[in-house]
Amino acid sequence: MARIVNDNDCLAETENPEPQGPGRGPLRWGPQHAGARELAGLYSPGKRCQEWICVVLCFSLLAFNFIHLLANFHLGHSWSILLSIVAGIVTADFASGLVHWGADTWGSVDLPIFGKAFIRPFREHHIDPTAITRHDFIETNGDNCMLTIIPLAIMAFNFLTLSPAEIYRLYPWFGYLFALGVFVTLTNQIHKWSHTYFGLPRWVVFLQDCHIILPRKHHRIHHVSPHETYFCITTGVKVPRNFRLLEELEEGQKGVGDGTVSWGLEDDEDMTLTQWRGVILGPPRTSYENRMYNLKVECGPEYPELPPNVRFVTKINLNGVHTSSGVVDTHAVTALAKWQNSYSIQMVLLELRRLMTCKENMKLPQPPEGQIYSN
């Protein structure tokens, strides 16, 4: 473990201050990572053949079913079609999250059949997130196409065997299955677009900006360690405020991180998830060393679109913190001044702790330990 001073004149702890790269130490991720190369090497000709077959069958069935949906359309189906499409999209998004979570959490690439064929791409993706952008259409979408073949084949069989009256009665169900099939098929393509930052068609960027398909900023949260949130990779539906805060509460209860900051609800009965408490352990080799700083964090109704209000309870002498009230100036803390909805309470606490290590703060005289602000 070494201590270095970064570009902002702040102390930073690092396990190895030397540059990382080929010939200069192990890489944590990227296409040159040994694990990423090994996992990519497991992509076999047999797997490629399976993907080609699945893509051809899937898109043939999609075309067949679409033609029959058009041929059997009636104006009376209009509202049911809209509802079916929405239900299909939501189901596809939930299914993508469930499969993503399962492949990230359980099993290994050593499992017979499933390991190399289906778990391998997920494990490779976390080591080399950009690998998906180098995959062609077949490799990107082959497995998803395989998942839809059976339900689409059953749907096609029904169109060939059922009477017009039965098709009319089941039309909303067919609309739901078709929408589900389309979005399951395209889930990994949408996922690929969320990792692509240059050269995307304008219509794709428009759909991302409208949160109709997975936006880049939304999915970026999942790729922040420990990769335990935002598994759904089909749509860009915003996570409701309370769901987001419940995730943060769970992380706080698990003690995610290195233990230098902690957070939780001020009152366990607070159903609005508004009032939070935070604790920062003063960084070593500063005037804050071995001190515990308590804070209040208020997440308003617009959180996480707007940053939380933060106030120190324990008295502190720190630039950007009001000397008489302990209120944190949002303009003085980067995480608050440049707030994004992917940021969190943990990030704010870590940023405040980082400020304590900056040159202008680290040697400031501090109030007697244990004093608190009166308000």
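Residues numbered from 1 in each chain as written. Predicted model: local features only at pLDDT ≥ 70, side-chain atom pairs only at ≥ 80, totals over all residues. Heavy atoms only, no water.

## A word on helix H2 (residues 45-71)
Okay, so step 1: Compared with an ideal rise of 1.5 Å per residue, which puts 27 residues at 39 Å, H2 spans 39 Å between its outermost C-alpha atoms and is within 8% of the ideal.
Okay, so step 2: For H2, the set of buried residues is Lys47, Glu51, Cys54, Val55, Cys58, Leu61, Leu62, Asn65 and Leu69. (Helix = DSSP H or I, 4+ residues; strand = E, 2+ residues; numbered from the N terminus. Expected span 1.5 Å × (residues − 1). Buried < 20%, exposed > 50% of the residue type's maximum accessible area, 1.4 Å probe, protein only.)

## Structural notes on the side chain of Asn65
Okay, so step 1: Take Asn65: it is sitting in helix H2.
Okay, so step 2: For Asn65, a relative accessible area of 0% gives the class buried.
Okay, so step 3: Once residues within four sequence positions are removed from consideration, Asn65 is found in contact with Leu152, Met155, Ala156, Phe159 and Phe178. (Contact = heavy atoms within 4.5 Å.)

## Considering the packing of H2 against helix H6 (residues 164-194)
Okay, so step 1: At a minimum axis separation of 11 Å, H2 and H6 run at an interaxial angle of 150 degrees. Taken together, H2 and H6 sit at an angle that is classed as roughly antiparallel. In the crossing of H2 with H6, the sense of the turn from one axis to the other is left-handed. Where H2 abuts H6, its residues Cys58, Phe59, Leu62, Asn65, Phe66, Leu69 and Leu70 lie against Tyr171, Phe174, Gly175, Phe178, Val182 and Thr185.
Okay, so step 2: Residue composition of the contact of H2 with H6, by class: ten nonpolar, three polar and no charged. (Axes fitted to C-alpha atoms, helices over the stretch in contact; angles between N-to-C directions. Parallel < 35°, antiparallel > 145°, perpendicular 65-115°, else oblique. Left-handed = near helix turned anticlockwise from the far one by under 90°. Nonpolar A, V, L, I, M, F, W, Y, C, P; charged D, E, K, R; others polar.)

## Quick look at the sheet that holds strand S5 (residues 292-298)
Okay, so step 1: Spatial strand order, S3-S4-S5-S6: four strands in an open sheet with antiparallel pairing. Each having just a single partner strand, strand S3 (261-265) and strand S6 (309-312) make up the two edges of the open sheet. Averaged over all pairs of adjacent strands, the angle between strand axes in this sheet comes to 25 degrees, irrespective of strand direction.
Okay, so step 2: With four bridges joining them, S5 and S6 adopt antiparallel strand pairing. Paired with Leu295 across the strands is Phe312, a residue of S6.
Okay, so step 3: Strand contacts of helix H9 (residues 241-254): S3 and strand S4 (275-281), with the helix running at about 130 degrees to S3, the strand carrying the most contacts.
Okay, so step 4: Helix H11 (residues 345-356) contacts S3, S4, S5 and S6 of the sheet and is inclined by roughly 145 degrees relative to S3. (Pairing = 2+ DSSP bridges.)

## With respect to the nonpolar core
Note on soluble globular proteins: their nonpolar side chains tend to be buried together.
Okay, so step 1: Ranked by size, the top nonpolar core spans 33 residues in total, and within it Trp276, Ile280, Phe312, Ile316 and Leu352 carry the most contacts.
Okay, so step 2: Of all the secondary structure elements, the ones that give two or more residues to this core are H9, S3, S4, S5, S6, helix H10 (334-337) and H11.
Okay, so step 3: Per element, the largest residue contribution to this core is six residues, and it comes from H11.
Okay, so step 4: Not counting the four nearest positions on each side in its chain, Trp276 is found in contact with Leu245, Glu248, Leu249, Trp263, Gly264, Leu265, Glu266, Leu295, Lys296, Val297, Cys299 and Ile345. (Core = buried A, V, L, I, M, F, W, Y, C linked by side-chain atoms within 4.5 Å.)

## Observations concerning the confidence of the model for the protein chain
Okay, so step 1: Scored by pLDDT, the protein chain has a mean of 83; 82% of the residues are at 70 or more.
Okay, so step 2: Scored below 50 in pLDDT, residues 1-5 shows 18 contacts in the model against residues more than four places distant or in partner chains. (pLDDT = per-residue confidence, 0-100.)

## Details of a nonpolar patch on the surface
Okay, so step 1: On the surface, a cluster of nonpolar side chains totalling about 500 Å² of accessible area is made up of Phe94, Leu98, Trp101 and Trp106.
Okay, so step 2: Within the secondary structure, Trp106 sits in the loop between helix H3 (78-105) and helix H4 (114-127). (Patch = residues over 30% accessible without salt bridge, like charges linked within 9 Å, V, L, I, M, F, W, Y side chains within 5 Å. Areas by Shrake-Rupley, 256 points an atom, 1.4 Å probe, with all protein chains shown as cover. Salt bridge = Lys/Arg side-chain N within 4 Å of Asp/Glu carboxyl O.)

## What about unusual backbone geometry?
Okay, so step 1: Omega for the bond connecting Tyr303 with Pro304 falls within 30 degrees of zero, at 10 degrees, which places this linkage in the cis form.
Okay, so step 2: Among the structural elements, Pro304 can be located in the loop between S5 and S6.
Okay, so step 3: One non-glycine residue, Leu273, lies in positive phi territory at about 55 degrees.
Okay, so step 4: Of note, Leu273 is situated in the loop between S3 and S4.
Okay, so step 5: The backbone of Asn290 shows a phi angle near 65 degrees, a positive value even though the residue is not glycine.

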